[in-house]
Amino acid sequence: MMKSFIFDMDGTLFQTDRILEIALDDTFDRLRTLNLWDSGTPLEKYREIMGVPLPEVWKKLLPEHSLETREEANDYFHERLIQNIESGKGALYPNVEEIFMHLKNQGHAIYIASNGLTAYLAAIVAFYGLDRWVTETFSIQQISSLDKGRLVETIVRKYDITNGAVIGDRLSDINAAKMNKLIAIGCRFDFAQEDELAQADFVIEDLSELILLSSKLNGNYVS
């Protein structure tokens, strides 16, 4: 049987788009107030690069700005995201709690591996009580390389995982699974891109599909 499920957070468990636009608008409003930005909020550009670590995001969004300005924008954006989570403006994807309950009842271990920052992830886990099912949540801040594959490797080594899957919506999740010889399950959700999903072992359109998929795999699938 499948033993370990490693989930991405943004765009997989948490509907980041519910709070993303608000936080991004607030951040660029602040930049406009400081005369550091003079056009619209680059929401679509952010959607295109969604899933990469935040320091990389700000290099893309503010390529002509100083490192100090990028770091300040990143910090403010992060603060606004957490405030929006704690005020209930976000949401989990449908069936997150149901699938977590099912997996735990079947004896599977659940982990979260995210490019999100530690405090941000902690806010989501606390607000929705995900630690009822999740063994441990891992942030990209815990490693120096900012590589999702290395983050998943940290989980694999710590918990001696030899049989499992990585579930996520972006290529970084799929590559992380393959790098660690785990099954790659792509989620066709808000930020997913078809050319990236094509590289997954399986693709789902609702987390509830994991119930049947985990039973079908039955530990016999080799990535």
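Conventions we followed
- Residue indices follow the written sequence of each chain, beginning from 1 at its first position.
- Per-residue local features of the predicted model are confined to residues with pLDDT of at least 70, and side-chain atom pairs are confined, for both listing and counting, to 80 or more; whole-chain, interface and lining totals are unaffected and use all residues.
- Calculated side-chain values reflect all of the structure's heavy atoms, with hydrogen atoms and water omitted.
- Note on geometry: axes are C-alpha line fits, over the in-contact stretch for helices, and angles between N-to-C directions span 0 to 180 degrees.
- Secondary structure elements follow DSSP: runs of H or I no shorter than four residues count as helices, runs of E no shorter than two count as strands, and numbering proceeds from the N terminus.
- Throughout this description, any angle smaller than 35 degrees is read as roughly parallel, any larger than 145 degrees as roughly antiparallel, any in the 65 to 115 degree range as roughly perpendicular, and the remainder as oblique.
- In this scheme the handedness of a crossing depends on how the near helix is turned from the far one: anticlockwise by less than a right angle means left-handed, clockwise means right-handed.
- We call two residues contacting when some pair of their heavy atoms lies within 4.5 Å.
- Charged residues are taken to be Asp, Glu, Lys and Arg, nonpolar residues to be Ala, Val, Leu, Ile, Met, Phe, Trp, Tyr, Cys and Pro, and polar residues to be all remaining types, Gly included.
- Two aromatic rings from Phe, Tyr or Trp, using only the six-membered ring of Trp, form a pair when their centres are within 6.5 Å; if the ring planes differ by under 30 degrees the pair is stacked, by over 60 it is edge-to-face, and anything between is tilted.
- Relative accessibility decides the category of a residue: with a 1.4 Å probe and only protein chains considered, values under 20% of the type maximum give buried, values over 50% give exposed, and everything between is partly exposed.
- When DSSP finds two or more bridges between a pair of strands, those strands are recorded as paired.
- Classification remark: right-handed applies to a crossover when, strands pointing away from the viewer, the course from the first strand over the helix to the second runs clockwise.
- The arc in question is the one spanned by the directions pointing from the helix axis to the C-beta atoms.

## Regarding the packing of helix H3 (residues 54-61) against helix H4 (residues 67-86)
Each pair of packed helices can be described by the angle between their axes along with the distance between the axes. Following both chains from N to C, one finds H3 and H4 inclined at 120°, their axes separated by 10 Å at the closest point. As summarised for this structure, H3 and H4 are arranged oblique, according to the angle between their axes. Where H3 crosses over H4, the handedness of that crossing is right-handed. Along its contact with H3, which presents Leu54, Trp58 and Lys59, the element H4 presents Arg70, Ala73, Asn74 and Phe77. Taken together, the residues that form the contact of H3 with H4 break down as four nonpolar, one polar and two charged.

## Section: the packing of aromatic side chains
This model, assessed by the stated rule, comprises 10 aromatic pairs. Aromatic pair Phe100 and Trp133: ring centres 6.1 Å apart, planes at 65°, arrangement edge-to-face. In this pair, Phe100 sits in helix H5 (residues 96-105) while Trp133 sits in the loop between helix H6 (118-128) and strand E3 (136-139), placing the two residues 33 residues apart along the sequence. We note that Phe100, like Trp133, is buried. By way of ring pairs, the aromatic residues Phe28, Trp37, Tyr46, Trp58 and Phe77 are connected into one cluster.

## Considering the pairing of strand E2 (residues 109-114)
Burial runs high along E2: six of the six residues are buried. Here four bridges tie strand E1 (residues 4-7) to E2, and the two strands are oriented parallel to one another. For Phe5, the partnering residue across the bridge sits in E2 and is Ile110. With four bridges joining them, E2 and E3 adopt parallel strand pairing. Its bridge partner being in E3, Ala113 is matched across the sheet by Phe138. A crossover links E2 with its parallel partner E3, the connecting element being H6, and its sense is right-handed.

## Points about H6
Taken as a whole, H6 has its buried residues at Tyr120, Leu121, Ala123, Ile124, Val125 and Tyr128. Lining the buried residues of H6 we find helix H1 (17-33), H4, H5, E2 and E3. Gly129 sits one or two positions beyond H6 and adopts a positive phi of about 60°.

## Points about helix H8 (residues 171-179)
Inspection of H8 places Asp173, Ile174, Ala176 and Ala177 among the buried residues, and these make up the whole buried set. For H8, the arc enclosing every buried residue in end-on projection is 160°, short of the 170-degree limit, so these residues lie on one face. Each element contacted by the buried residues of H8 is listed here: helix H7 (148-159), strand E4 (164-168), strand E5 (183-187) and helix H9 (194-197). Following H8 by one or two positions, Lys181 has its phi on the positive side, about 55°.

## Structural notes on the sheet that holds strand E6 (residues 202-204)
The sheet built from six strands is open, its strands ordered E3-E2-E1-E4-E5-E6 with parallel pairing. One side of each edge strand has no neighbouring strand; the edge strands of this open sheet are E3 and E6. Mean inter-strand twist for the sheet, computed between neighbouring axes without regard to direction, equals 25°. Sheet analysis places E4 next to E5, joined by four bridges and oriented parallel. Pairing of Gly168 across the sheet is with Gly186, part of E5. Strands in contact with H6 are E2 and E3; relative to E3, the strand with the most contacts, it is inclined by about 150°. Packing of H7 onto the sheet brings it into contact with E1, E2, E3 and E4, and relative to E2 it is tilted by some 150°.

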